[in-house]
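As a plain string of letters, each chain reads:
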Amino acid sequence: QVQLVESGGGLVQPGGSLRLSCAASGSMFTINAMGWYRQAPGTRRELVALITNIDSTKYADSVKGRFTISRDSAKNTAYLQMNGLKPADTAVYYCHADYYIPAHHEYLEVWGQGTLVTVSS
């Protein structure tokens, strides 16, 4: 079973920056893709950014040019660098991973517990 641990959320002023981290732990698994989603009160969870095991990336239009997703495959960790933060970016950010268990020939997914990002002056 894979678990995700997120860190890096907090309070930041408009125009500021934050870096989120998401570390996957477990045994005998291969990460296929990791991504960040967010959910603000009263809204649906939405994709923010995604990175695959061949470093293909995808971004929501609202964050293009401001956010950058990256990964360290050796550490099974994904990062979300958020620059130029706006109040509209305020949300709980969730890490998500698609992974493969070779021993069981299973493709599975897992969510992190979420980390709150608040952009306010």
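Bear in mind the structure is a predicted one, so any value in this text is a computation, not a measurement. (Residues numbered from 1 in each chain as written. Predicted model: local features only at pLDDT ≥ 70, side-chain atom pairs only at ≥ 80, totals over all residues. Heavy atoms only, no water.)

### Some words on the environment of Ser120
Looking at the secondary structure, you find Ser120 in the segment after strand 11 (115–119). Residue classification places Ser120 among the partly exposed positions, given a relative accessible area of 37%. Sequence separation between Ser120 and Lys75 is 45 residues, and the spatial gap between their C-alpha atoms is 32 Å. When neighbours within four sequence positions are excluded, Ser120 is seen to be in contact with Leu11, Val12, Gln13 and Pro14. (Helix = DSSP H or I, 4+ residues; strand = E, 2+ residues; numbered from the N terminus. Buried < 20%, exposed > 50% of the residue type's maximum accessible area, 1.4 Å probe, protein only. Contact = heavy atoms within 4.5 Å.)

### Some remarks on the nonpolar core
Side chains of nonpolar character tend, in soluble globular proteins, to be buried together. Core analysis: the largest hydrophobic core is formed by 32 residues, its most contacted members being Leu4, Trp36, Leu80, Met82 and Tyr93. Of all the elements in the fold, those that place two or more residues in this core are strand 3 (18–25), strand 4 (30–39), strand 5 (46–52), strand 7 (67–72), strand 8 (77–82), strand 9 (91–101) and strand 11. No other element matches strand 9, which puts 6 residues into this core. (Core = buried A, V, L, I, M, F, W, Y, C linked by side-chain atoms within 4.5 Å.)

### Quick look at the state of the cysteines
Within the structure shown, the criterion is met by 1 disulfide. Bridging Cys22 to Cys95, the disulfide has an S-S length of 2.0 Å. The disulfide joining Cys22 to Cys95 has a torsion of about -85 degrees about its S-S bond and is therefore left-handed. Taken together, the positions of Cys22 in strand 3 and Cys95 in strand 9 put the pair 73 residues apart, joining distant regions of the chain. Across the pair, exposure class does not vary: Cys22 and Cys95 are buried alike. (Disulfide = S-S within 2.5 Å.)

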